[in-house]
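# Fold and geometry: a report
One-letter residues, chain by chain:
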Amino acid sequence: MEIDIEGNQPFCVVYCNGKAKKTYLPDHGETKVITHQGNVKRLKFDEGEEF
């Protein structure tokens with residue numbers, strides 16, 4: 001597997017059933033990997049910003 005690394009932004013790679021997906025992580029927030037019966041169902045992003 002080859003991954004193109006661009007810039008300096010953090011990212012996450014999720015792999016399931018022969019498919020890989022690269023997603024960039026938000027500056028402030030949470031990224032959740034939701035699974036169902038051992039398979040990745042979705043990626044959930046909860047972004048926020050402190051003041």
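Structure report, in brief. Since this is a predicted model, take the numbers as computed values, not measurements.

## Quick word on the overall build of the protein
- A tally of helices and strands in the protein yields zero helices and four strands.
- For the protein, the α and β elements follow one another from N to C terminus as β-β-β-β.
- What you see for the protein is a C-alpha radius of gyration of 13 Å, clearly larger than the 10 Å of a compact globule of 51 residues, by over 25%.
- With the C-alpha coordinates aligned to their principal axes, the bounding extent of the protein is approximately 40 × 25 × 10 Å.
- Looking at the protein residue by residue over its 51 residues, the buried ones come to 8%.

## Things to note about the layout of surface pockets
- Estimates place the volume of the largest pocket at around 210 Å³.
- Forming the walls of the largest pocket are Val14, Tyr15, Cys16, Asn17, Lys19, Ala20, Lys21, Val40 and Leu43.
- Every element with two or more residues in the lining of the largest pocket is listed here: β1 (11-16), β2 (19-24) and β4 (39-47).

## Notes on unusual backbone geometry
- The backbone phi angle of Asn17 is positive, close to 50°, even though this residue is not glycine.
- On the secondary structure map, Asn17 appears in the loop between β1 and β2.
- Even without a glycine there, the phi angle at Gln37 is positive, about 50°.
- Relative to the helices and strands, Gln37 resides in the loop between β3 (29-36) and β4.
- Owing to a relative accessible area of 72%, Gln37 belongs among the exposed residues under this scheme.

Calculation rules
- Residues numbered from 1 in each chain as written.
- Predicted model: local features only at pLDDT ≥ 70, side-chain atom pairs only at ≥ 80, totals over all residues.
- Heavy atoms only, no water.
- Helix = DSSP H or I, 4+ residues; strand = E, 2+ residues; numbered from the N terminus.
- Rg over C-alpha atoms; globule rule 2.2 N^0.38 Å.
- Buried < 20%, exposed > 50% of the residue type's maximum accessible area, 1.4 Å probe, protein only.
- 1 Å grid on protein atoms, 1.4 Å probe; cavity = no way out; pocket = protein on both sides within 12 Å on 5 of 7 lines; lining within 4 Å.
- Points joined across faces, edges and corners; volume = space filled by probe spheres on them.

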